[in-house]
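Fold and contact review
Each chain is listed here by its residues.
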Amino acid sequence: MLSRRCRWGDAIGAMLSRRCPCKRKEQEPNKERNNSQKKSRLVFTDLQRRTLFAIFKENKRPSKEMQITISQQLGLELTTVSNFFMNARRRSLEKWQDDLSSGGSSSAPSTCTKA
């Protein structure tokens, strides 16, 4: 397992020849909240998005240590990386369920209902 961690660290480092800080959408100047400004939405750079999806394809549930390494290499907060994987798993499951409900596969498991 140690070699896998090292491999990912090297792979992330290789994909990131230079650090690209994440960008946040600028808030519209006309819209102001009373005294508290709402935090703007994070927008991943293309490199960050491609890297996160590549890692997700290999490992749907990376360890906390791996997430820390990913966050440091990509210049993101740990919570952002954790949320990405949580959302990606949820979206992956929703897509799978949508495919089943549309009758996409004949080998799909049938669902049982109570009579």
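Residues numbered from 1 in each chain as written. Predicted model: local features only at pLDDT ≥ 70, side-chain atom pairs only at ≥ 80, totals over all residues. Heavy atoms only, no water.

1. Topic: the side chain of Gln 48
Our working rule: By the criteria applied, helices consist of DSSP H or I runs no shorter than four residues and strands consist of E runs no shorter than two, each listed in order from the N terminus. A 3.5 Å cut-off defines polar contacts: any pair of N or O atoms within that distance qualifies, except that in protein one atom must be a possible hydrogen donor and the other a possible acceptor, and neighbouring residues in sequence count only when both atoms are side-chain atoms.
If you trace the backbone, Gln 48 turns up in helix H2 (residues 46-58). For Gln 48, the side chain forms a polar contact with the main-chain oxygen of Leu 74, separated by 2.9 Å.

2. Some words on the environment of Thr 45
Residue placement: Thr 45 occurs in the loop between strand S2 (42-43) and H2. With 29 residues separating them along the chain, Thr 45 and Leu 74 place their C-alpha atoms 9.7 Å apart.

3. Digging into the packing of aromatic side chains
Our working definition: In this analysis, rings of Phe, Tyr and Trp, with Trp reduced to its six-membered ring, are considered paired at centre separations within 6.5 Å, and the interplanar angle assigns stacked below 30 degrees, edge-to-face beyond 60, and tilted for intermediate values. Buried, partly exposed and exposed residues are distinguished by accessible area as a fraction of the type maximum, computed with a 1.4 Å probe on protein chains only: under 20%, between the cut-offs, and over 50%, respectively. Any Lys NZ or Arg CZ that is within 6 Å of a ring centre and within 35 degrees of that ring's normal is treated as a charge sitting over the ring.
If you walk through the whole model with that rule in mind, you get 4 aromatic pairs. Taken together, a centroid distance of 5.1 Å and an interplanar angle of 80° make the contact between Phe 53 and Phe 84 edge-to-face. Here Phe 53 is found in helix H2, whereas its partner Phe 84 is found in helix H4 (residues 78-101), with 31 residues between them in sequence. Overall, the relative accessible area of 41% leaves Phe 53 in the partly exposed class. What makes Phe 84 buried here is its relative accessible area of 9%. Considering the side-chain rings of Phe 84 and Phe 85, the 5.3 Å spacing of their centres and the 85° angle between planes classify their relative orientation as edge-to-face. Here the aromatic cluster, defined as three or more aromatic residues joined through ring pairs, consists of Phe 44, Phe 53, Phe 56, Phe 84 and Phe 85. One cation-aromatic arrangement involves Lys 60 over Phe 56; the distance from NZ or CZ to the ring centre is 4.4 Å.

4. Observations regarding the layout of surface pockets
Basically, it comes down to this: In this analysis a 1.4 Å probe is tested at points of a 1 Å grid over the protein atoms alone, and where it fits but cannot get out there is a cavity; an open set with protein on both sides within 12 Å along at least five of seven lines is a pocket; lining residues have an atom within 4 Å of a point. Grid points are joined across faces, edges and corners, and a volume is the space filled by probe spheres set on the points. All residues other than Ala, Val, Leu, Ile, Met, Phe, Trp, Tyr, Cys, Pro, Asp, Glu, Lys and Arg, Gly among them, are scored as polar; the first ten of these are nonpolar and the last four charged.
Put simply, the largest pocket is a space of about 460 Å³. Only S2, H2 and H4 provide two or more residues apiece to the lining of the largest pocket. Considering each element in turn, the lining of the largest pocket owes the most residues, 8 residues, to H4. When its residues are assigned to classes, the lining of the largest pocket shows 7 nonpolar, 5 polar and 3 charged.

5. So, the confidence of the model for the protein chain
Rules: Every residue is assigned a pLDDT by the predictor, reflecting its confidence on a scale from 0 to 100.
Looking at the protein chain as a whole, the pLDDT averages 77, with 59% of positions reaching at least 70. For the protein chain, helix H1 (residues 2-15) is the element with the lowest average pLDDT, namely 56, and helix H3 (residues 64-74) is the one with the highest, namely 97.

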